[in-house]
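Structural characterization, general
Letter by letter, the chains look like this.
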Amino acid sequence: MNPFNEKPRSIEKTIQNWQQLYPKPYNKREVDPYTKTRIILMNGTEFESNWFSHQFARHVDDNDLRRDLALTRYIEKQQQLKISLLKPCNESILEHTISYEQLAVDLTAELAKRELDCNVKTALDFALLEDFDHLYRYANLLEMEQGIAAEWLVGRYTEIMPGRPTISHHRYPMDNVKRNIDSKNSDVQTVLNTMIITAAEQQTMNYYMNVTNFASSDMGRKLYQEIALVEEEHVTQYESLMDSNATWLEMLLWHEYCECYLYWSCYMTETDPYVKALWEENLSIEITHLHKAAELLKKYEHKDWCEVIKNGEFPAPISLHENIDYVRKILGETVQYTSDRETYIRVKDLLKDADFFRFQNTINPTTNIVPSHCVIENFICRRGADYRYQVSPSPVPELRNRREDNTSVGRKPNAADSDDFFCNK
């Protein structure tokens, strides 16, 4: 599909009234796990688009342009609110969090499997293991506090077991900044991947930062606090991959194109008829926004859309599905890596005075104050073993012990063996 070839609607006619804006929430006991993750993905995509537009408006002084941005932005916010209200009232913060982390795992794996830029793929694979571990930590908290087994929430499509331990995720902030792509010379899928993953991780970060103080226990509040700061690291990493040399209007066009692509992907893969109709409706709205962005690009920069996006045809649709084998491969091969400025490096190859070790000693002076570790230790103390859902033993021998939480892997030299990252070329 090429959205530039589709006929746009009148922007004014896409404004919805209150009755149209309030959707029918899904039934949390019947909904497909990937319907929930698509909803979270598109909520985050709309949020990213909305705040990009706000930042754009704060960096221009042409009020005609700012008025055009304001009109489109208002409709984007209507879309975002309607999507977010698909979540039902009776789904707890922790239950919803499990879906956030399932999205992080399966979306990251899906993007990494199709990524041709080695720098971008390595970034995806690296953070994949961290979101995978977050799912495990939250799942143990959920079972301990609410008696709900997260494996049923994820439909047993995603394993629940330790990844690179969360205690190892805390890096000196400067080590999270990577090399940006050049959108004019990159594959369309690569440009989309950097935008999609940034929006998704930003939404996760915002959600955790907003719900941290609503958690029902000190243990939960502390866990959300810790993982929210890891998500800050992930957003820093992913946003640094995006093309920082594109103009505001070029990026506006890319944002609208990305939204069209994701709504089309959701429509093509959705199994719930009601939600599928919403994706179709929103695709129509975003096609209108895309044509408006192309119009503004032509008006203010005298560029045709094809000078920015060379081929408007969409890549294959993003499909959220089971990725157990892929996650296991990345876990077995790269768990012992950390980030070092623009590169990734085995912990054993870091200099003894590396920023990573200095930062670890500052934020994790002792393991017994680290919330993610305390959750698992508390669960083991109560139940005798941690909570997991796995199809076979972990590919990392050091992470197989269910009666002890490993705080060395990914953090201390020679705590586990790792090979290297691989590219798709």
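This text gives an overview of the structure that appears in the document.

Analysis parameters
Residues numbered from 1 in each chain as written. Predicted model: local features only at pLDDT ≥ 70, side-chain atom pairs only at ≥ 80, totals over all residues. Heavy atoms only, no water. Helix = DSSP H or I, 4+ residues; strand = E, 2+ residues; numbered from the N terminus. Rg over C-alpha atoms; globule rule 2.2 N^0.38 Å. Buried < 20%, exposed > 50% of the residue type's maximum accessible area, 1.4 Å probe, protein only. Contact = heavy atoms within 4.5 Å. Areas by Shrake-Rupley, 256 points an atom, 1.4 Å probe, with all protein chains shown as cover. Lys, Arg positive; Asp, Glu negative; His and termini not counted. Charge placed at Lys NZ, Arg CZ, Asp CG, Glu CD. Pairing = 2+ DSSP bridges. 1 Å grid on protein atoms, 1.4 Å probe; cavity = no way out; pocket = protein on both sides within 12 Å on 5 of 7 lines; lining within 4 Å. Points joined across faces, edges and corners; volume = space filled by probe spheres on them. Axes fitted to C-alpha atoms, helices over the stretch in contact; angles between N-to-C directions. Parallel < 35°, antiparallel > 145°, perpendicular 65-115°, else oblique. Nonpolar A, V, L, I, M, F, W, Y, C, P; charged D, E, K, R; others polar. Core = buried A, V, L, I, M, F, W, Y, C linked by side-chain atoms within 4.5 Å. Disulfide = S-S within 2.5 Å. Left-handed = near helix turned anticlockwise from the far one by under 90°. Polar contact = N/O pair within 3.5 Å; in protein donor to acceptor, adjacent residues only side chain to side chain.

Side note on the overall build of the chain
Counting its secondary structure elements, the chain contains 13 helices and two strands. Scaling as 2.2 N^0.38, a compact globule of 425 residues should have a C-alpha radius of gyration of about 22 Å, and the chain matches this with 22 Å. Along the first, second and third principal axes, the C-alpha atoms of the chain reach 60 × 45 × 35 Å. Counting all 425 residues of the chain, 60% fall into the buried class. In the chain, 85% of the contacts between residues at least 6 apart in sequence involve partners at least 24 apart. Carbon and sulfur atoms form 51% of the exposed surface of the chain, whose accessible area is close to 17,500 Å². In the chain, which carries 49 positive and 66 negative side-chain charges, the distance between the mean positions of the two groups comes to 3 Å.

Details of the pairing of strand 1 (residues 337-340)
For strand 1 and strand 2 (residues 343-346), the ladder comprises four bridges, and the chain directions are antiparallel. Directly across from Y337, in strand 2, lies its bridge partner R346.

Observations concerning empty space enclosed by the protein
Gaps left between atoms are located by rolling a probe of water-molecule size over the structure's atoms. Scanning the entire structure with this criterion turns up five cavities of 30 Å³ or more. By volume, the largest cavity amounts to about 70 Å³. T45, E48, S49, M195, I196, A199, M242, H255, C258, E259 and L262 are the residues that line the largest cavity. Looking at the lining of the largest cavity, the elements with two or more residues in it are helix 2 (33-57), helix 7 (188-211) and helix 9 (248-269). Ranked by residues supplied to the lining of the largest cavity, first place goes to helix 9 with four residues.

Re the packing of helix 7 against helix 9
At a minimum axis separation of 10 Å, helix 7 and helix 9 run at an interaxial angle of 90 degrees. One finds that helix 7 runs roughly perpendicular with respect to helix 9. Contacts between helix 7 and helix 9 involve V188, Q189, V191, L192, M195 and I196 from the first element and M251, W254, H255, Y257, C258, Y261 and L262 from the second. Partitioned by chemical class, the residues of the contact of helix 7 with helix 9 number eleven nonpolar, two polar and no charged.

Comments concerning the nonpolar core
One broad trend across soluble globular proteins is that nonpolar side chains are buried collectively. If you look at the biggest cluster of nonpolar residues, it comprises 113 residues, and the most contacted ones within it are I98, L107, I160, I196, L253, W254 and Y257. At 15 residues, helix 5 (residues 118-146) tops the list of elements feeding residues into this core. Residue contacts for W254: discarding those within four places in its chain leaves S183, V188, V191, L192, M195, V308 and I309. Grouped together as the second largest cluster of nonpolar side chains are six residues, L350, A354, F356 and F357 included.

What to know about the state of the cysteines
Applying the stated criterion across every chain, the model contains one disulfide. Across the disulfide, C118 is cross-linked to C423 (sulfur-sulfur distance 2.1 Å). Placement of C118 in helix 5 and of C423 in the segment after helix 13 (371-383) is noted, with a sequence separation of 305 residues between them. Its relative accessible area of 32% is what places C423 among the partly exposed residues. Left unpaired, C260 is separated from the closest cysteine sulfur, that of C258, by 9.4 Å. In this structure C381 is a free cysteine whose sulfur lies 12 Å from that of C374, the closest cysteine sulfur available.

A closer look at the packing of helix 4 (residues 93-114) against helix 5
Two numbers describe how helix 4 lies on helix 5: the axes approach to 8 Å, and their chain directions differ by 160 degrees. With respect to helix 5, the element helix 4 is oriented roughly antiparallel. Relative to helix 5, helix 4 is oriented so that their crossing is left-handed.

Examining the side chain of S418
Structurally, S418 can be placed in the segment after helix 13. A distance of 2.9 Å separates a polar side-chain atom of S418 from the backbone nitrogen of Q336. Ignoring sequence-local partners within four residues, the contact set of S418 consists of E333, T334, V335, Q336, Y337 and R346.

Brief notes about the environment of T366
Tracing the sequence through the fold places T366 in the loop between helix 12 (355-363) and helix 13. Residue classification places T366 among the partly exposed positions, given a relative accessible area of 38%. C-alpha of T366 to C-alpha of M205: the two residues are 161 residues apart in sequence and 25 Å apart in space.

Digging into the side chain of T236
Its place among the elements puts T236 in helix 8 (residues 218-241). Relative accessible area serves as the criterion here: at 16%, T236 is assigned to the buried category.

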